[in-house]
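So the chains spell out like this:
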Amino acid sequence: MTGLSPNAVWVLCSTLILGTASGIIGCFAYWKRQSLMSDALSHAALPGVIIGFVLVGEKHLPVMIGGAAISALVGAWFIHLIRSSSRIKEDAAMGIILSVFFGFGIMLLSLVNRMAGAGQSGLDSFIFGQAAAMVVKDVRVMSGLALFVLLIALLAYKEWKLHLFDPAFAQGLGLSNRFMNSVYLMCLVLVIVIGIQAVGVILMAALLIIPAVSARYWTHSFGWMLILSALFGGGSGAIGTLLSVYGKGWPTGPFIVISAACLFLISLTLGSSKGLIIMAIQQYRQRRLLHQPRIREQSAMERGRSA
Amino acid sequence: MSYAGWIILTASLVGISCGIVGSLLLLRRMAMMADAISHTVLLGIVTAYLLTRELSGVHMLIGAVIAGLLTALLVQWLHSMGVQQEASIGVVFTSLFAIGVVLIATRVGNAHLDVQHTLMGEITFIPWERVELPWGADIPEAVLMLSIVLVVILAVVIGLYKEWKITAFDPALAASLGLPVTLLHYVFVSMVSVTTVASFDAVGAILVVAMLITPAASAYLWTDRLAVMMALSGLFGILSAISGYSIAVWLDTSISGSMAFATGLVFLLSLIASPRHGLVARLLRPSVPPSP
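Each value, and the rule that gives it
- Residues numbered from 1 in each chain as written.
- Chains lettered and ligands numbered in written order.
- Predicted model: local features only at pLDDT ≥ 70, side-chain atom pairs only at ≥ 80, totals over all residues.
- Helix = DSSP H or I, 4+ residues; strand = E, 2+ residues; numbered from the N terminus.
- Contact = placed C-beta atoms within 7 Å.
- Nonpolar A, V, L, I, M, F, W, Y, C, P; charged D, E, K, R; others polar.
- Buried ≥ 20, exposed ≤ 12 C-beta atoms within 10 Å, placed from the backbone.
- Arc of directions from axis to C-beta.
- pLDDT = per-residue confidence, 0-100.
- Axes fitted to C-alpha atoms, helices over the stretch in contact; angles between N-to-C directions.
- Parallel < 35°, antiparallel > 145°, perpendicular 65-115°, else oblique.
- Left-handed = near helix turned anticlockwise from the far one by under 90°.

Draft legend 1. Main features of the overall build of chain A. Across its full length, chain A carries 14 helices and zero strands. The helix and strand sequence of chain A, counted from the amino end, reads α-α-α-α-α-α-α-α-α-α-α-α-α-α. Across chain A, the fraction of contacts at a sequence separation of at least 24, relative to all contacts at a separation of at least 6, is 73%.

Right, here's the structure in full:
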């Protein structure tokens, strides 16, 4: 591609793979009805990123990803604890964890930013994502982890399908729900933590939610939904990165999300199984079907009256 | 009044307004809706700024209310199209927020408005941006605006207290009694938007979400009465503002971040020590609940 530095090509590849992985995990989240969980967990990852940075003293992606994963898991555990041991509902629990962890992250961030040399660390870019700030080493770590998640999702396709649609039956067949839930949470957290560098903690949830919802408009089959969602996710990752690379210092995350939102709008109107146009045509047909017999009935009644 | 005094007063006003609105929010199970609105309000503010080229309070309030209502309408519409409630919230607010951020990054950049500011607020500068009141006293602009918003919210909540209570606890009953449930829903959404935007400029989006949900959730663990819950959650808001400010001064760090963190501490304390719903009370209680 012309006008792209080798680094930009690497970055493009990584957001492509990231988008694909998050599209697939997003489908799982959609069917678990936990779309907003990804939002809470990505916000909750911020303190971990910063603590990871402080521990090493420089920007070292694997440690920061590890920190992010731990703090997201702590957040998930807290949400579970609040929900199961008090009368507060899950949505409020997510809101609490999201805002408190993020506030804590901001607190740490402004502490760390005062330290010498930390100003150049690019920690701020974790909030809105700055894919251009990634180096080849980061890209390798990211892509490797994303491929790992993809592999888990694809190898255990049958098990996922069973677990998502009929957990009780799955349990009966000997597929432990607990185990699948843990694997799911691990995949979700992995996708989130590798995504926050490129997309940012605030908008990472969009990459998990929007492709899955868009794919839902095209098909009723779970397999196709996964494939489409992966395509949408990968596509919006790539398009968004391209757009932000051409601007000067523009944040990547928002552009990726806007690309995803455009794909969503297209799916919403044109989608071949639940799209607006298809629905309108179906409704029109139904209405005509409904009207015809009624006319006949009416005329029969009128005939009876006149007789 | 001293510098610290003004800051704590500002944050406390935010805490009280958010505590009252947040209690209703929690009971209506709209906690994540508040998160969504606090993000999309950004788009409203940016659009208002692009249209009028000024950052006055009134324009921003109108823009924010429109953005908040738009969010609620879109979420409702998508939900009626067969998308799960959660997923539709996720789609709507991330998209609108992204548009807001891109507008700021590409068109408004370097102006008074920047993303960092909207997220974390500029509470440090509040005491210096003053307005003159008719009777001569000068107070910070944000304090004036937050006081007006608080009065409006108090008026709406107290004036329609019965209606809020019944729609929060039993919307079906409310509808069967002939109450305009949908209208009340949108009035409530506007209230959340107004609270959010008034607090937004002062303390940033993070603290708004924290102040809306967390103190109300803490209060919910202490009491079963709506009025007491509102009062308590306002009180917890003030408590978090004061302790958050002390933490921020002690560590020399972000004030709104620390206040958000402090709301979490208050919640943790409530979760552990609340007499009826706390973890300790649960442990001490006999495992078989006594028959009533």
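The discussion continues.
Draft legend 2. Local environment of the overall build of chain B. What chain B contains, in helices and strands, is 12 helices and two strands. Traced from its N-terminal end to its C-terminal end, chain B shows the element sequence α-α-α-α-α-β-β-α-α-α-α-α-α-α. Pairs at least 24 residues apart make up 71% of the contacts formed inside chain B by residues separated by at least 6 positions.

Draft legend 3. Seen up close, unusual backbone geometry. All names here are of chain B. Its identity is not glycine, yet R29 carries a phi of approximately 55°, on the positive side. The topology assignment puts R29 in the loop between α1 (3-27) and α2 (31-52). A positive phi angle, close to 55°, is found at D252, a residue other than glycine.

Draft legend 4. Examining the interface of chain A and chain B more closely. With 43 residues of chain A in contact, the opposing surface of chain B contributes 47 residues. Residue assignment for the side of chain A that touches chain B shows that the elements contributing at least two residues are α2 (35-44), α4 (61-85), α5 (90-114), α11 (204-216) and α13 (252-270) of chain A. Tallying contributions element by element places α5(A) first for the side of chain A that touches chain B, with 15 residues. Per-class residue counts for the side of chain A that touches chain B are 29 nonpolar, eight polar and six charged.

Draft legend 5. Spatial organisation of helix α7 (residues 161-169) of chain B. Residue and element names in this part refer to chain B. Inspection of α7 places W164, T167 and A168 among the buried residues, and these make up the whole buried set. The buried residues of α7 occupy an angular sector of 100° when the element is viewed end-on, so they sit on one face. Every exposed residue of α7 that faces more than 90 degrees away from the buried side is listed here: K162 and F169. Structurally, α7 contributes buried residues whose contacts are with α1, α6 (141-159), α8 (171-176) and α9 (181-222).

Draft legend 6. Spotlight on the environment of B:V41. Residue and element names in this part refer to chain B. Counting through the fold element by element, V41 comes out in helix α2. The buried category is assigned to V41, around which 32 C-beta atoms lie within 10 Å. Spatially, the C-alpha atom of V41 lies 7.7 Å from that of T196, the residues being 155 residues apart in sequence. Setting aside anything within four residues of it in sequence, one finds V41 in contact with A64, A67, G68, S193, T196, V197 and F200.

Draft legend 7. How the structure looks around the confidence of the model for chain A. A residue-level look at chain A finds 90% of positions with pLDDT of 70 or above and a mean pLDDT of 85. For chain A, per-element mean pLDDT is lowest for helix α14 (residues 276-306) of chain A, which scores 76, and highest for α11(A), which scores 92.

Draft legend 8. Seen up close, the confidence of the model for chain B. Residues and elements named next belong to chain B. For chain B, per-residue confidence averages 84 on the pLDDT scale, and residues scoring 70 or more make up 88% of the total. Averaged pLDDT values over the elements of chain B bottom out at 65 in helix α5 (residues 115-120) and peak at 92 in helix α10 (residues 226-251). If you check the scores for this complex, the pTM reads 0.87 and the ipTM reads 0.88.

Draft legend 9. Summary view of the packing of helix α3 (residues 46-56) of chain A against α4(A). Residues and elements named next belong to chain A. Packing of α3 against α4 leaves a shortest axis separation of 7 Å and a crossing angle of 140°. Compared by their axis directions, α3 and α4 come out oblique. Considering how the two elements wind past one another, α3 and α4 form a crossing that is right-handed. Taking contact as the criterion, the partners of P47, G48, V49, I51, G52, F53, L55 and V56 in α3 are, on α4, V63, M64, G66, G67, A68, A69, I70, S71 and A72. Looking at the contact of α3 with α4 residue by residue, the class counts come to 12 nonpolar, five polar and no charged.

Draft legend 10. Just the packing of helix α7 (residues 136-155) of chain A against helix α10 (residues 177-199) of chain A, in detail. Residues and elements named next belong to chain A. One way to put it is that α7 packs onto α10 with a least axis distance of 10 Å and a crossing angle of 155°. Compared by their axis directions, α7 and α10 come out roughly antiparallel. For α7 against α10, the interelement crossing comes out left-handed. In this structure, α7 contributes D138, M142, L145, A146, V149, I152 and A153 to the contact, and α10 contributes V183, C187, L190, V191, I194 and Q197. A per-class count over the contact of α7 with α10 returns 11 nonpolar, one polar and one charged.

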